[in-house]
Amino acid sequence: MRTLKTGPTDRSDRTMGIELPDPLVNFGAGLGLTVTYGVPSRYNVGPEGRWWEAVRRELSELGGVIDERIGPRPITAAEYAGTVDMPPALVDEYLWKEGFIRNPFSRLKTLDGQPECGSWVYRESPLAPRQHHVMLFATDDARTHLYAHEEASSVNPRMGADHVDGNGQNIAEGVTWAREKLPLTIEKETPDPPEAAWTVAYEREQT
């Protein structure tokens, strides 16, 4: 599996160092809404939509060249919610049955340089302003680590800019919610998840 180079702000030598304007970001959220809920089948945003993961990886890497906010970024230890004794394919099936949908345009997350193998969200409705986001990482023994946070919706056109900026992102709420909602076993330390964005957790973990 390819190892990706990421940093605290996902900036590389190729990054243009610009931020896309909010209207364009919100338009992108509207496009995500159309793609996600226009074809709400399991072959698009369900278990059989795993083909999205390779596409999402490429989109995130290419997007990060223009705007670092949408490029790959490292997952933080504080986002660890728990581990499921199932391989990712079965976790996909479980999440789908629980009302989650695949998150095609999420920026890629990495764990020790390895890309996540799935990105799923739970929203109360298509235009809900908030979402619970869980990120899947395969283990070497056919299990799955889940990381989580709560945040502004990535497909609500009014919330797109807040989502990309991480405004209001809440790791603590996402981790707590995932542990209450999902059959997780806690196998790794979760360092005091902050009621803040991943950047806060990352800075803490570097000190």
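What you see is a predicted model; the values in this text were computed from it and never measured.

Draft legend 1. Up close: the packing of aromatic side chains. Counted by the stated rule, this structure contains eight aromatic pairs. Ring plane angle 70 degrees and centroid distance 5.5 Å describe the contact between Tyr80 and Tyr147, whose orientation is recorded as edge-to-face. Taken as a pair, Tyr80 in strand S2 (residues 80-84) and Tyr147 in strand S8 (residues 144-152) lie far apart in primary sequence, 67 residues in all. Residue Tyr80 is classed as buried on the basis of its relative accessible area of 1%. By relative accessible area, which is 2% here, Tyr147 ends up buried. Joined through ring pairs, the aromatic side chains of Trp51, Trp52 and Phe105 make up one cluster.

Draft legend 2. Local environment of the sheet that holds S8. Strand order across the open sheet formed by five strands is S2-S8-S7-S6-S3, with antiparallel pairing between neighbours. Where the open sheet ends on each side, the last strands, each with one partner, are S2 and strand S3 (101-102). Where S3 and strand S6 (residues 118-122) come together, two bridges link them in antiparallel fashion. Directly across from Arg102, in S6, lies its bridge partner Trp120. Set on the sheet, helix H3 (residues 52-66) makes contact with S3 and S6; between it and S6 the angle comes to about 95 degrees.

Draft legend 3. Here's a closer look at the pattern of salt bridges. As enumerated under the stated definition, the model contains 16 salt bridges in all. Arg204 is the partner of Asp192 in a salt bridge, and the nearest nitrogen-oxygen pair spans 4.0 Å. Residue Asp192 is located in the loop between helix H6 (171-181) and helix H7 (198-206), and its partner Arg204 is located in helix H7; the two are separated by twelve residues in the primary sequence. Judged by relative accessible area, Asp192 falls into the exposed class, the value being 57%. The class for Arg204 is partly exposed, based on a relative accessible area of 45%. Residues joined in a network through salt bridges with shared partners are Arg50, Glu53, Arg56, Asp92, Arg102 and Glu116.

Draft legend 4. Geometry of helix H4 (residues 88-97). Among the residues making up H4, those that are buried are Pro88, Val91, Asp92 and Leu95. The buried residues of H4 all sit within an arc of 105 degrees when viewed along its axis, so they share a single face. Where H4 is buried, its residues contact S2, S3, S6, strand S7 (130-138) and S8.

Draft legend 5. Representation of the nonpolar core. Grouped together as the largest cluster of nonpolar side chains are 22 residues, with contacts concentrated most on Leu95, Phe100, Val134, Leu136 and Leu182. When residues of this core are traced back to their parent elements, those giving at least two are S2, H4, S6, S7, S8, H6 and H7. Ranked by residues supplied to this core, first place goes to H6 with four residues. Not counting residues up to four positions away in its chain, the partners in contact with Leu136 are Pro88, Val91, Asp92, Leu95, Glu116, Cys117, Gly118, Trp120, Thr144, His145 and Leu146. Counting residues in hydrophobic clusters, the runner-up holds five residues, among them Ile75, Tyr80, Met135 and Tyr147.

Draft legend 6. Structural detail: the sheet that holds strand S5 (residues 114-115). Strand order in the open sheet made by the three strands is S1-S4-S5, with mixed pairing throughout. Edge strands, defined here as strands with exactly one partner in the open sheet, are strand S1 (73-74) and S5. In the sheet, S1 pairs with strand S4 (residues 109-111) via two bridges, with the strands oriented parallel. Bridged to Arg73 within S4 is Lys109.

Rules used in this analysis
Residues numbered from 1 in each chain as written. Predicted model: local features only at pLDDT ≥ 70, side-chain atom pairs only at ≥ 80, totals over all residues. Heavy atoms only, no water. Phe/Tyr/Trp six-rings, centres within 6.5 Å; stacked < 30°, edge-to-face > 60°. Helix = DSSP H or I, 4+ residues; strand = E, 2+ residues; numbered from the N terminus. Buried < 20%, exposed > 50% of the residue type's maximum accessible area, 1.4 Å probe, protein only. Pairing = 2+ DSSP bridges. Contact = heavy atoms within 4.5 Å. Axes fitted to C-alpha atoms, helices over the stretch in contact; angles between N-to-C directions. Salt bridge = Lys/Arg side-chain N within 4 Å of Asp/Glu carboxyl O. Arc of directions from axis to C-beta. Core = buried A, V, L, I, M, F, W, Y, C linked by side-chain atoms within 4.5 Å.

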